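Residue strings, one per chain:
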Amino acid sequence: EAGVAQSPRYKIIEKRQSVAFWCNPISGHATLYWYQQILGQGPKLLIQFQNNGVVDDSQLPKDRFSAERLKGVDSTLKIQPAKLEDSAVYLCATRGANTGELFFGEGSRLTVL
Amino acid sequence: GESVGLHLPTLSVQEGDNSIINCAYSNSASDYFIWYKQESGKGPQFIIDIRSNMDKRQGQRVTVLLNKTVKHLSLQIAATQPGDSAVYFCAETVSGSARQLTFGSGTQLTVLP
């Protein structure tokens, strides 16, 4: 079974630039999460989707972050404009209907200079 | 802020010894707990979970203990191997919260030859 795919794996940008990350979930997984993991910390939830609908985006900094999952499969997370403190690994995770287990992708590491 | 934390940020053990990684949680309503392993450059990987109606659960070489009285969770790894070197996170959630996990800050386990 293919895992959660994320791209790009690495991205370096200057502050105030924009960046987008892409996630392709495990086939059939309706629930998709984006987490932000700052170096030395545990992942923190940004947004949760159920199919193409947002379940919770209360922790998403909406002035600069946006995410979508238009067809209920792939998802994109965008940051515009980026700040230095956005440097982190952005993890996508998905979950099937009959399991509590989250499957994580390998993450996209963002460095903002 | 985080509601799940770890007692020790780093742990070094000799190969072959048993490892114990501890975790404290603060949300008394949490009823489902998961341990994740995260190797460098990879996303978190599910190790074992436990529900609040259990005190102990065993997997292959791993055991999770839950003490609800003091809100404490531990992960025991038997016969620790070099491949066990990683950061270990505990995560908690409340049933009905759409499986939104709150992660602790992690413990870096280093296995010495």
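See the structure printed just above.
In every chain, residue numbers begin from 1 and rise along the written sequence. Ligands are numbered from 1 and chains lettered from A, in the order in which they are written. Residue-level local features of this predicted model are given only where pLDDT is at least 70; pairs of side-chain atoms are given and counted only at 80 or more, and the full residue set underlies all totals for whole chains, interfaces and linings. Where side-chain values are given, they derive from all heavy atoms of the structure, hydrogens and water being excluded.

1. A closer look at the nonpolar core
And then number 1: Counting 21 residues, the largest nonpolar core has Phe21, Trp34, Leu77, Ile79, Tyr90 and Leu110 of chain A as its most contacted members.
And then number 2: Strands are runs of DSSP state E lasting at least two residues, helices are runs of H or I lasting at least four, and both sets are numbered from the N terminus onward. The set of elements that each furnish at least two residues to this core consists of strand 3 (19–24), strand 4 (31–37), strand 5 (44–50), strand 8 (75–79), strand 9 (88–95) and strand 11 (108–112) of chain A.
And then number 3: Judged by nonpolar contacts, the second largest core, of 20 residues, contains Val13, Val62, Leu66 and Cys90 of chain B. Within this scheme, the nonpolar core is defined by two criteria: the residues are buried Ala, Val, Leu, Ile, Met, Phe, Trp, Tyr or Cys, and they are joined through side-chain atoms within 4.5 Å. Throughout, exposure labels follow a simple rule: accessible area from a 1.4 Å probe, protein chains only, divided by the maximum for the residue type, with under 20% read as buried, over 50% as exposed, and the rest as partly exposed.

2. Structural notes on the pairing of strand 11 (residues 107–112) of chain B
All names here are of chain B.
And then number 1: With burial as the criterion, only one face of strand 11 is covered, namely that bearing Thr107, Leu109 and Val111; the residues Gln108, Thr110 and Leu112 on the opposite face remain uncovered.
And then number 2: For two strands to count as paired, DSSP must find a minimum of two bridges between them. Direction of pairing for strand 9 (residues 86–93) relative to strand 11: antiparallel, over a ladder of three bridges. Along strand 11, the bridge assignment pairs tyrosine 88 with threonine 107.

3. Side note on the sheet that holds strand 7 (residues 65–68) of chain A
Residue and element names in this part refer to chain A.
And then number 1: Taken in spatial order, the four strands of this open sheet run 1-3-8-7, and their pairing is antiparallel. Among the strands making up the open sheet, the edge pair consists of strand 1 (5–7) and strand 7. Each strand of the sheet is rotated relative to its neighbour by a mean of 15°, with strand direction disregarded.
And then number 2: Taken together, the three bridges between strand 1 and strand 3 define a ladder with antiparallel strand orientation. Paired with alanine 5 across the bridge in strand 3 is asparagine 24. Only the stretch in contact is used when a helix axis is fitted, and all axes are lines through C-alpha atoms; the angle between N-to-C directions ranges over 0 to 180 degrees.

4. Brief notes about the packing of aromatic side chains
And then number 1: Centre distance within 6.5 Å is the pairing criterion for rings of Phe, Tyr and Trp, where only the six-membered ring of Trp is used; planes under 30 degrees apart are then read as stacked, over 60 as edge-to-face, and the remainder as tilted. Going through the model one piece at a time under the given rule, you end up with 11 aromatic pairs over all chains.
And then number 2: Ring geometry for tyrosine 36 of chain B against phenylalanine 103 of chain B: centres 5.5 Å apart, planes inclined by 45°, an arrangement best described as tilted. Note that tyrosine 36 of chain B is positioned in strand 4 (residues 32–38) and phenylalanine 103 of chain B in strand 10 (residues 102–103), a separation of 67 residues in sequence. Phenylalanine 103 of chain B shares its class with tyrosine 36 of chain B; the two are buried.
And then number 3: Taken together through their ring pairs, the aromatic side chains of Tyr33, Tyr35 and Phe104 of chain A together with Tyr36, Phe46, Phe89 and Phe103 of chain B make up a single cluster.

5. Description of unusual backbone geometry
And then number 1: Residues serine 7 of chain A and proline 8 of chain A are joined by a peptide bond in cis, for which omega reads -10°.
And then number 2: Within the fold, proline 8 of chain A resides in the loop between strand 1 and strand 2 (10–13).
And then number 3: Not every positive phi belongs to a glycine, and lysine 71 of chain B is a case in point at roughly 55°.
And then number 4: Inspection of the secondary structure puts lysine 71 of chain B in the loop between strand 7 (62–67) and strand 8 (72–77).

6. Examining the interface of chain A and chain B
Interface size is commonly expressed as the accessible area that is lost once the parts come together.
And then number 1: At the interface, 21 residues of chain A touch 18 residues of chain B.
And then number 2: As used here, buried area is the combined drop in accessible area, with a 1.4 Å probe, of two parts when they are placed together. Around 1500 Å² of area is buried between chain A and chain B when both sides are counted, 52% of it from carbon and sulfur atoms.
And then number 3: By the criterion of area lost to chain B, the three top residues of chain A are Pro43, Gly100 and Phe104 of chain A, representing 26% of everything that side buries.
And then number 4: Counted as salt bridges are all cases of a side-chain nitrogen of Lys or Arg within 4 Å of a carboxyl oxygen of Asp or Glu. Seen at the junction of chain A and chain B, the total is zero salt bridges.
And then number 5: As used in this structure description, the phrase polar contact means that two N or O atoms lie within 3.5 Å; if the pair is within protein, one of them must be able to donate a hydrogen and the other to accept it, and residues adjacent in sequence are counted only when both atoms belong to side chains. Counting every contact that joins chain A to chain B gives four residue pairs in polar contact (both at pLDDT 80 or more).
And then number 6: Elements with a contribution of two residues or more to the side of chain A that touches chain B: strand 4, strand 5, strand 6 (53–56) and strand 9 of chain A.
And then number 7: Residue composition of the side of chain A that touches chain B, grouped by class: eight nonpolar, seven polar and six charged. What makes two residues a contact is simply this: any of their non-hydrogen atoms within 4.5 Å. Polar here means any residue outside two lists: the nonpolar Ala, Val, Leu, Ile, Met, Phe, Trp, Tyr, Cys and Pro, and the charged Asp, Glu, Lys and Arg; Gly therefore counts as polar.

7. Looking at the environment of serine 105 of chain B
Residues and elements named next belong to chain B.
And then number 1: Tracing the sequence through the fold places serine 105 in the loop between strand 10 and strand 11.
And then number 2: On the basis of relative accessibility, which here comes to 29%, the residue serine 105 falls in the partly exposed class.
And then number 3: In this structure, the C-alpha to C-alpha distance between serine 105 and lysine 71, residues 34 residues apart in sequence, is 16 Å.

8. With respect to the state of the cysteines
A covalent bond bridging the sulfur atoms of two cysteines is what the word disulfide describes.
And then number 1: By definition, disulfides here are pairs of cysteine sulfur atoms that lie within 2.5 Å. This structure, assessed with the given rule, holds two disulfides over all chains.
And then number 2: The disulfide partner of cysteine 23 of chain A is cysteine 92 of chain A, and the gap between their sulfur atoms is 1.9 Å. The sign of the -65° torsion about the S-S bond sets the cysteine 23 of chain A-cysteine 92 of chain A disulfide as left-handed. Of this pair, cysteine 23 of chain A sits in strand 3 while cysteine 92 of chain A is found in strand 9, placing the two residues 69 residues apart along the sequence. Take cysteine 23 of chain A and cysteine 92 of chain A: they sit in the same class, and that class is buried.
And then number 3: A sulfur-sulfur separation of 1.8 Å characterises the disulfide bridge that pairs cysteine 23 of chain B with cysteine 90 of chain B. One quick way to see it: the torsion about the S-S bond of cysteine 23 of chain B and cysteine 90 of chain B is about 55°, and its sign makes the bridge right-handed. Here cysteine 90 of chain B lies in strand 9 and cysteine 23 of chain B lies in strand 3 (residues 19–25), a separation of 67 residues in the sequence. Assigned by exposure class, cysteine 23 of chain B and cysteine 90 of chain B land together as buried.

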